[in-house]
Amino acid sequence: MERRLIEMGFVEGACVELLHDGPIGRDPIAIRVGDMTIALRRCDANAILVKED
Amino acid sequence: MDMVLINTIPEIALVGCPNCGKTALFNMLTGSSQKVANYPGATVESKKGVLKTSVGGLVRIVDLPGTYSLRGRSPDEEITRDVILGRVQGEPLPSGLVCVADATNLRLVLRLILELKSLGLPMVVALNMADIAKRQGSCVDEARLASELGVPVLSTVAVRKGGAEVLVRAIEGLLKTLPTKKLEWREPSSDDIRAAQTEAERILQVCMYRPGNDRVTRAIDRVLLHPVFGILILMTVLFVVFQAVFAWATPATDGIKWLVDLLNDQVNAQMPDGMLRSLLTNGIIAGVGNVVVFLPQILILFLFIIILEDSGYMARAAFLMDLFMAKAGLHGRAFIPLLSSFACSIPGIMATRVIENRTDRLTTIMVAPLMTCSARIPVYTLLIAAFVPNRSIGGLSLQGLVMFGTYAIGIFSALAVAWIMKRLVWRQRAEPFMMEMPGYKCPNIRNIVIGLWQRALIFLRRAGTIIMAMMIIIWFLCSFPSPPDGADQPAINYSLAGIIGHAVEPALKPVGFNWQIAVALIPGMAAREVAVGALGTVYALTETGDAAEHALQSTIASSWSLSTALALLAWYIFAPQCASTLAVVKRETNSWKWPIAMFAYMMVLAYASAFLTFHVTNWLVRT
């Protein structure tokens, strides 16, 4: 899965922005990474470490 | 002479990430020459068409499934990789590649382009949707990009007339280029991918790439993905789709049935009585009618699906429904196929192609028939009207409650079977749910028309032939052998269907079925609503129209027990009494394994539930 994340643009140094939460239980989440928007489940998103900018 | 030429025309493959407008480009290049088929042994569809170049030459264009990388994370992506590497049986190695990119999202696809470049095949890069890019303020130094990549780079607008002229000329150029090295590829590690991504970033910097700013999409998403409004809008959309498939198709469906009856009357009037006439009317015309009658519903459903998909809303619908569906082990995109199955599971099963994940798609296909389809309603109505007293409980009609109960059991069992399949049959490590949410786009009329036309052709050619074959077999079982002279029982009793029905009766006694039900279930395999007419035939009722309904109702009300009727009700919730469904499952999964598995598990559930219902009812009635 790490490779798939990198392929979608989740590389060290990339900017991410949380756009939307799911309507039920705030899952899944819509994130803007690079120039595109991706939907992820929270359990998978937990694998990504982010730093506030 | 011509045959030899066709076999040796060169093939160019279109590759790119999903949502980059590749299919629109393919439609523009090949138009009506497209043919859709299945790759050998796979459920992935192959789309090929022929392009005529400006010098009159022919090129075959293949639209490969969208992929994010050559690693092949899904069957679609594997096929793309294997065709490019020339690993697929019977598929020629492409003479060249056209990498289609979304001009507003180069960052994502550039890494893929670098990976493809390393293969050494002749390549051009098409920056598609250039009109949208310009509108959003995106730009890149094309010339610099071409020199960095070492391949021609051009802009295309697939939805505008003449937007692909440059590409056609570039393809002509491709055909004259030779591969630069021997084709080889090994699976990259995380570090390889990181390195590729870094290189892609460097190139973007050097070419002064500015990504698009899609303010419109962000604004629309604030409403459509809003926790409250988003769901309300989604419910409305789903309701409209449901109404459309259920109600709007009805005039057309009725029209087709009327035409079939008209044709039947003509044949009956013109031809002498006998086997041939029976084959023509009850076998062939009825068979063809049974296939074509599904077309209006399929076309309407797919009209909505194509519009929702092309506009970008489908991803939002899947996003909103995901948590709910995931609990049952289903994918967010399964909602629309399952909803359509309430009208008829045939378009519903065809609609599962919007689910890319193979196991999710198969699970959805396997449970779709459990959704109470409209063909079950005549059977339910007959049984409930004959056996459930017309009383009210707390203001609600008892008959209505029982009807609702059958729907509820259907839905619940579908979710349960899906959950069981996920845990027991697949037993897989859960696939991470990663879905791109593309920018909103206006659907293109040509794409919609081509898409609909393809679906119709596929259904008629593939599923249609199997349905026809099954109908004729069933007709044969019900017509041979003919009753001997002086026969006092209805003809069906002497036919193979009757023989089979009587033979099977002992096995059905434990669930409370008598021989009349057993025999009626044989022609009832053709379609669910046929059982009502079949019962009328078995009981030798001569009334027609509405009088027939009442006659049948009173006949079974006086001769069946309550437990038998309820057992038959339970049987019909689960039993696979629909040959057309099995045919469509075969077509969509490209194997007989799944329709057979479906038949088996539904039969088991039908028998078990009928058994339970029969004996529990008996016990309750006694006490």
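Up top you'll find the structure we're talking about.
Every chain begins its residue count from 1, and numbering advances along the sequence as written. Just so you know, chain letters begin at A and ligand numbers begin at 1, following the order they were written in. Note on the predicted model: pLDDT of at least 70 is required for a residue's local features to be given, and 80 or more for side-chain atom pairs to be given and counted; whole-chain, interface and lining totals, by contrast, use all residues. Computation of side-chain values covers all heavy atoms of the structure but excludes hydrogens and water.

## Some remarks on the pairing of strand 10 (residues 434-437) of chain B
Move 1: Judged by which residues are buried, strand 10 of chain B turns out to be covered on both faces: Met434(B) and Glu436(B) on one side and Met435(B) and Met437(B) on the other are all buried.
Move 2: In terms of strand pairing, strand 3 (residues 36-40) of chain A meets strand 10 of chain B through four bridges, oriented antiparallel. Its bridge partner being in strand 10 of chain B, Leu40(A) is matched across the sheet by Met434(B). When a residue's accessible area, from a 1.4 Å probe over protein chains only, is under 20% of the maximum for its type it is buried; when over 50% it is exposed; and in between it is partly exposed. We count a stretch as a helix when DSSP gives it H or I for four or more residues in a row; a strand needs E for two or more, and each element gets its number in order from the N terminus. Pairing between strands is defined by DSSP: at least two bridges between them are needed.

## Section: the environment of Val50(A)
Residues and elements named next belong to chain A.
Move 1: Within the secondary structure, Val50 sits in the segment after helix 2 (42-45).
Move 2: According to the relative accessible area criterion, Val50 is exposed, its value standing at 64%.
Move 3: With 36 residues separating them along the chain, Val50 and Ala14 place their C-alpha atoms 9.6 Å apart.

## Observations regarding the packing of aromatic side chains
Aromatic ring pairs are described here by two measures, namely the spacing of the ring centres and the angle between the planes.
Residues and elements named next belong to chain B.
Move 1: The rule is short: rings of Phe, Tyr and Trp, with Trp giving its six-membered ring, pair when the centres are within 6.5 Å, and they are stacked under 30 degrees, edge-to-face over 60, tilted in between. Summed over the entire model, instances satisfying the criterion amount to four aromatic pairs over all chains.
Move 2: Ring centres of Trp248 and Phe304 lie 6.1 Å apart, and the angle between their planes is 45°; on these two criteria the pair is classed as tilted. Pair noted here: Trp248 is in helix 10 (residues 229-270) and Phe304 is in helix 12 (residues 295-311), with a separation of 56 residues, a long-range link.
Move 3: When the ring of Phe342 is compared with that of Tyr407, the centres are 6.1 Å apart and the planes differ by 15°; the resulting orientation is stacked. With a gap of 65 residues between them, Phe342 in the loop between helix 14 (335-340) and helix 15 (345-351) and Tyr407 in helix 18 (residues 398-426) connect regions that are remote in the sequence.
Move 4: Sitting above the plane of the Tyr440 ring, Arg316 keeps its charged end 4.2 Å from the centroid. Consider the ring centre and the ring normal. A charge sits over the ring if Lys NZ or Arg CZ is within 6 Å of that centre and within 35 degrees of that normal.

## Let's talk about the packing of helix 12 of chain B against helix 19 (residues 445-479) of chain B
Residues and elements named next belong to chain B.
Move 1: In contact at an axis separation of 10 Å, helix 12 and helix 19 are set at 140° when each is read in the N-to-C sense. Considered as vectors, helix 12 and helix 19 are oriented oblique to each other. With respect to the hand of their crossing, helix 12 and helix 19 are arranged in right-handed fashion. Of the residues in helix 19, those touching helix 12 at Leu295, Ile298, Leu299, Phe302, Leu303, Ile306, Ile307 and Asp310 are Asn447, Ile448, Gly451, Leu452, Arg455, Ala456, Phe459 and Leu460.
Move 2: Of the residues belonging to the contact of helix 12 with helix 19, the class tally is twelve nonpolar, two polar and two charged. Here the axes come from fitting lines to C-alpha atoms, over the contacting stretch only for helices, and the angles between their N-to-C directions go from 0 to 180 degrees. Should an angle fall under 35 degrees it is taken as roughly parallel, and over 145 as roughly antiparallel, whereas 65 to 115 is taken as roughly perpendicular and any remaining angle as oblique. Left-handed describes a crossing in which the near helix is turned anticlockwise from the far one by less than a right angle; the clockwise case is right-handed. Whether two residues are in contact is decided by their heavy atoms, any of which lying within 4.5 Å being enough. Nonpolar residues are Ala, Val, Leu, Ile, Met, Phe, Trp, Tyr, Cys and Pro. Charged residues are Asp, Glu, Lys and Arg, and all others, Gly as well, are polar.

## Thoughts on the sheet that holds strand 3 (residues 45-52) of chain B
Residues and elements named next belong to chain B.
Move 1: Here we have seven strands laid out as an open sheet, ordered 2-3-4-1-5-6-7, and mixed in their pairing. Strand pairing shows two members of the sheet lacking a second neighbour, strand 2 (35-38) and strand 7 (153-155), which therefore form its edges. With strand direction ignored, the average angle separating the axes of adjacent strands in the sheet is 25°.
Move 2: Two strands pair when backbone bridges link them, and strand 1 (residues 11-16) and strand 4 (residues 58-63) are joined in this way by four bridges, in the parallel orientation. Across the sheet, the residue bridging to Glu11 is Arg60, located in strand 4.
Move 3: Packed on one face of the sheet, helix 6 (residues 142-149) meets strand 6 (123-128) and strand 7 and runs near 145° to strand 7.

## Comments concerning helix 18 of chain B
Residues and elements named next belong to chain B.
Move 1: Taking 1.5 Å of rise per residue, the 29 residues of helix 18 would be expected to cover 42 Å, and the 40 Å separating its terminal C-alpha atoms lies within 8% of that figure.
Move 2: Bend is computed residue by residue as the angle between axes fitted to the seven residues ending at the residue and the seven residues starting at it. Along helix 18, the sharpest kink reaches roughly 25°, centred on Ile420.
Move 3: Inspection of helix 18 places Leu398, Gln399, Thr406, Gly410, Ser413, Ala414, Val417, Ala418, Met421, Lys422 and Trp426 among the buried residues, and these make up the whole buried set.
Move 4: Where the residues of helix 18 are buried, they touch helix 16 (358-367), helix 17 (376-387), strand 8 (392-393), strand 9 (396-397), helix 24 (562-574) and helix 26 (593-622). A helix is expected to span 1.5 Å for every residue after the first.

## Let's talk about unusual backbone geometry
Residue and element names in this part refer to chain B.
Move 1: Phi is positive for Asn19, which is not a glycine, with a value near 65°.
Move 2: Take Asn19: its relative accessible area is 33%, and that puts it in the partly exposed class.
Move 3: For Met129, which is not glycine, the phi torsion reads 60° and is therefore positive.
Move 4: You can see Met129 is positioned in the loop between strand 6 and helix 5 (130-135).
Move 5: For Met129, a relative accessible area of 9% puts it in the buried group.

## Quick look at the sheet that holds strand 3 of chain A
Move 1: If you walk across this open sheet you meet the four strands as 1(A)-2(A)-3(A)-10(B), and the pairing is antiparallel. Of all strands in the sheet, those bounded by a partner on one side alone are strand 1 (16-21) of chain A together with strand 10 of chain B. This sheet shows a mean twist of 30° between the axes of neighbouring strands, independent of strand direction.
Move 2: Relative to strand 3 of chain A, strand 2 (residues 29-33) of chain A is paired through five bridges, and the arrangement is antiparallel. The residue bridging Arg32(A) from the neighbouring strand is Thr37(A), located in strand 3 of chain A.
Move 3: Packing of helix 13 (residues 313-327) of chain B onto the sheet brings it into contact with strand 1, strand 2 and strand 3 of chain A together with strand 10 of chain B, and relative to strand 10 of chain B it is tilted by some 140°.

## Looking at the environment of Glu115(B)
Residue and element names in this part refer to chain B.
Move 1: Here Glu115 lies in helix 4 (residues 106-117).
Move 2: Judged by its relative accessible area of 13%, Glu115 falls in the buried class.
Move 3: Once you skip the residues sitting within four places of it in the chain, Glu115 turns out to touch Ser69, Leu70, Trp185 and Pro188.

## Regarding the interface of chain A and chain B
Move 1: Contact with chain A, which involves 33 residues of that partner, is made by 38 residues of chain B.
Move 2: Of the roughly 3200 Å² buried between chain A and chain B on both sides combined, carbon and sulfur atoms contribute 59%.
Move 3: Sorting the residues of chain A by area buried against chain B places Arg4(A), Glu7(A) and Asp35(A) first, and these three jointly supply 23% of that buried surface.
Move 4: A pairing counts as a salt bridge when a side-chain nitrogen of Lys or Arg comes within 4 Å of a carboxyl oxygen of Asp or Glu. Across the contact surface, chain A and chain B share two salt bridges.
Move 5: Across the pair Asp322(B) and Arg41(A) runs a salt bridge whose closest N-O atoms are separated by 2.9 Å.
Move 6: Each polar contact in these results corresponds to two N or O atoms within 3.5 Å; when the atoms are within protein, one needs to be able to donate a hydrogen and the other to accept it, and residues that are neighboring in sequence are counted only if both atoms are side-chain atoms. Put simply, chain A and chain B have three residue pairs in polar contact (both at pLDDT 80 or more) between them.
Move 7: Counting residues per element, the ones that place at least two in the side of chain A that touches chain B are helix 1 (2-7), strand 1, strand 2 and strand 3 of chain A.
Move 8: Of all the elements, helix 1 of chain A adds the most residues to the side of chain A that touches chain B, at six residues. Summed over both partners, the accessible area (1.4 Å probe) lost when two parts come together is defined as the buried area.

## Side note on the pattern of salt bridges
Move 1: Enumeration over the complete set of coordinates arrives at 26 salt bridges over all chains.
Move 2: Here Glu17(A) makes a salt bridge to Arg218(B), at a shortest N to O gap of 3.9 Å. With Glu17(A) in strand 1 and Arg218(B) in helix 9 (residues 215-224), the pair connects residues from two separate chains.
Move 3: The closest approach of N and O atoms between Arg111(B) and Glu115(B), which form a salt bridge, is 3.9 Å. Within this pair, Arg111(B) and its partner Glu115(B) are both found in helix 4, separated by four residues, close to a single helical turn. Like Glu115(B), Arg111(B) is buried.
Move 4: Each of the salt bridges in this network shares a partner with another, and the network as a whole consists of Glu45(B), Arg353(B), Arg361(B), Arg455(B), Arg587(B) and Glu588(B).

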